[in-house]
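Here is what each chain is made of, one letter per residue.
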Amino acid sequence: MVETGQRLAQIGVTGLAVMGSNIARNFARHGHTVALHNRSIAKTDALIEAHGDEGDFIRTETMEEFVGALERPRRVLIMVKAGDPTDAVIEELANLMEPGDIIIDGGNSLYTDTIRREAAMAARNLNFVGAGISGGEEGALNGPSIMPGGPAESYESLGPLLESISAHVDGVPCCTHIGPDGSGHFVKMVHNGIEYADMQLIGEAYDLMRNVLGMEVAEIADVFREWNTGTLDSYLIEITAEVLSQVDAETGKPLVDVIVDAAGQKGTGRWTVKSALDLGIPTTGIAEAVFARALSSSTSQRESARGLVAGTTGAQAPADKAAFVEDIRKALYASKVVAYSQGFDQIAAGSAEYGWSVDPGKLATIWRGGCIIRAKFLDRIREAYAENPELPALLLAPYFRDAVEDSVESWRRVIVTATAMGVPVPAFASSLSYYDALRAERLPAALTQGLRDYFGAHTYLRVDKPGSFHTLWSGDRSEVEA
Ligand SMILES: NC(=O)C1=CN([C@@H]2O[C@H](COP(=O)(O)OP(=O)(O)OC[C@H]3O[C@@H](n4cnc5c(N)ncnc54)[C@H](OP(=O)(O)O)[C@@H]3O)[C@@H](O)[C@H]2O)C=CC1
Ligand SMILES: O=C(CO)[C@H](O)[C@H](O)COP(=O)(O)O
């Protein structure tokens, strides 16, 4: 119990599972006094027991005690399960807080929930900050990437605190104010969507080496290790080499061979695709990644389909293994450019729809460190937006345009070979189709418009004159202006 005159905490953390406990330790290690709270006291005690000597923690049991342990304006970071649990904790806190206090939701909340919660809290004169936090367990402890939305005034009080615990790259904190209400959670959602695409592309590259080239897992791990020294240098490529190098102690097999091949998902990738559909942005790389996880988990259907004919008779693996590995690297890089380009398109569209004014260059800057998609690549994205803040698409920035043009022949060879050999490459293939569609002089959408006009009199535009037109399909087939 905290009594008057006792020391008060600069920040409180409620929800002390993987993320909350490590962020609380991170705050404490940076010299901040941290009030701790968890629904069940066991997690609070476990944290104090194991790490109580790392800094100044205030242990609390009840929400009343927790709120009472905070200096004013009170700042509370919620790190509990997204959805109903977050609403329950917000309500409990709001009933105990006073005007001007700040509630920060650091979980993976849906941005529309954040918009709703921010408005509800504002009506009670409380500041609500929806902050995307990325970095997993290790990032939470040693420096995550933090994407806070909410009122700009809240960032004045909160910014220095959050920046102090974030990752830093070239001395720059990986934390910046993103924009109003749901913007922080929106960009975190797209970050996770890109994470899905990145991981799917890595998976396809692995599968090609394994099932087209017949390489051993350890040898593939070495390829990823090598790739991590070049333009693909990133956290996910680095940990791919680690996971592929892991040997299962029980069987002596590569760990990847004893893990069930059904990918889970908690929702952020799916939300990204739903939002892309609503915004009309073709985020195809992320969509393929979400669908690939869903297909992998359709276990009984996959079981029933196992006997389907492959039709790969006569298909041969490329003779030059090293050359094909290089083709895969280039296909991976080009597909990754497409996924990021689409993700940034979606952020621009979301920002325009909700009036957030999200700065893509600032976002690329804070994604350079701390988060799961951190990569050397992000520095190039930051530079691209610094050179031209009005870029029509990331893919069209000179650096990325050159990189993709340099990769496109390899990209095609990889997809042709994969298709001939019956190895699925949904994200590689759809990314190349996106690239081809984007650069096409004419698209078959003209025929779609003709068909729509035929069956539904939906009208079409002409290339040679203004106005909307309709052909009298069931009459004399003359054209009328609509
Ligand atoms: N794990 C990760 O890598 C990342 C997670 N996130 C997000 O951060 C948040 C925390 O994630 P993580 O640390 O993995 O923990 P979990 O998502 O597993 O959530 C567990 C925590 O939520 C609490 N909780 C659950 N239901 C309630 C409730 N009804 N009322 C009060 N508390 C409740 C639990 O309390 P109790 O101990 O009493 O059960 C526990 O502290 C989530 O929103 C997650 O999506 C964000 C980035 C990365
Ligand atoms: O936010 C995260 C990383 O950035 C979390 O780890 C999240 O759980 C990842 O999503 P999923 O579980 O759907 O793969």
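Think of each chain on its own: its residues are numbered from 1, step by step along the sequence as written. All chains are assigned letters beginning with A, and all ligands numbers beginning with 1, in the order in which they are written. At least 70 in pLDDT is required for a residue's local features to be given in this predicted model, at least 80 for side-chain atom pairs to be given and counted, and no such filter applies to totals for whole chains, interfaces and linings, which use all residues. Excluding hydrogens and water, the side-chain values take into account all heavy atoms of the structure.

1. What about the environment of Tyr 434?
Then step 1. Here a helix means four or more residues in a row that DSSP labels H or I, a strand means two or more in a row labelled E, and each is numbered from the N terminus. Its location among the elements puts Tyr 434 in helix α19 (residues 426-439).
Then step 2. On a C-alpha basis, the gap between Tyr 434 and Pro 282 in space is 8.6 Å, while along the polypeptide they are 152 residues apart.
Then step 3. In what follows, residue pairs with any heavy atoms lying within 4.5 Å of each other are defined as contacts. Once residues within four sequence positions are removed from consideration, Tyr 434 is found in contact with Pro 282, Thr 284, Val 338, Gln 342, Asp 345 and Leu 395.

2. Looking at the UniProt feature "active site" (unreviewed entry) in the chain
Then step 1. UniProt positions are given in the numbering used here, feature names are shortened, and annotations may be inferred rather than shown by experiment. Here the UniProt feature "active site" (unreviewed entry) sits at Lys 188 and Glu 195.
Then step 2. Assignment of secondary structure puts Lys 188 in helix α8 (residues 183-211).
Then step 3. Exposure classes here rest on a 1.4 Å probe applied to the protein chains alone. A residue is buried below 20% of its type maximum, exposed above 50%, and partly exposed in between. Residue class for Lys 188 comes out buried when judged on its relative accessible area of 5%.
Then step 4. Excluding anything up to four places from it in sequence, Lys 188 contacts Asn 108, Gly 132, Ile 133, Ser 134 and Met 147.

3. Side note on the site of ligand 2
Then step 1. Inspection of the region around ligand 2 gives Asn 108, Ser 134, Lys 188, His 191, Asn 192, Glu 195, Tyr 196, Gln 265, Lys 266, Arg 293 and Ile 372 as its neighbouring residues.
Then step 2. In the analysis that follows, any N or O atom pair within 3.5 Å is treated as a polar contact, provided that within protein one partner can donate a hydrogen and the other can accept it, and provided that, for residues neighboring in sequence, both atoms belong to side chains. At a separation of 2.7 Å, an oxygen atom of ligand 2 approaches a polar side-chain atom of Lys 188.
Then step 3. Note on areas: Shrake-Rupley with a 1.4 Å probe; residue coverage comes only from the protein chains shown. Protein contacts shield 76% of the accessible area of ligand 2, which totals 370 Å² for the unbound molecule.
Then step 4. The element that contributes the greatest number of residues to the shell around ligand 2 is α8, accounting for five residues.
Then step 5. Any residue that is not Ala, Val, Leu, Ile, Met, Phe, Trp, Tyr, Cys, Pro, Asp, Glu, Lys or Arg is counted as polar, Gly included; the first ten are nonpolar and the last four charged. Looking at the shell around ligand 2, its residues break down into two nonpolar, five polar and four charged. When at least one non-hydrogen atom of a residue lies within 4 Å of a molecule or strand, that residue is treated as near it.

4. Some details on the sheet that holds strand β10 (residues 460-461)
Then step 1. Following DSSP output, two strands are said to pair if at least two bridges run between them. The antiparallel open sheet is built from three strands, whose spatial order is β10-β11-β12. Every other strand in the sheet has two partners, leaving β10 and β12 (479-481) as the edge strands with one partner each.
Then step 2. Sheet topology places strand β11 (residues 468-471) next to β12; three bridges connect them, and they run antiparallel. When the bridges of β12 are listed, Phe 469 appears paired with Glu 481.

5. A word on the pairing of strand β7 (residues 145-148)
Then step 1. Neither face of β7 is left uncovered, since the one carrying Ser 145 and Met 147 and the one carrying Ile 146 and Pro 148 both have all their residues buried.
Then step 2. Sheet topology note: the strand β6 (residues 127-134)/β7 ladder contains four bridges and is antiparallel. Note that in β7 the partner of Gly 132 across the bridge is Met 147.

6. Describing the side chain of Asn 228
Then step 1. Within the fold, Asn 228 resides in the loop between α9 (217-227) and α10 (235-245).
Then step 2. Asn 228 gets classed as buried once you look at its relative accessible area, which sits at 17%.
Then step 3. Of the polar contacts made by the side chain of Asn 228, one reaches the backbone nitrogen of Ser 234; its length is 2.9 Å.
Then step 4. Residues in contact with Asn 228, not counting those within four places in the same chain, are Asp 233, Ser 234, Ile 237 and Glu 238.

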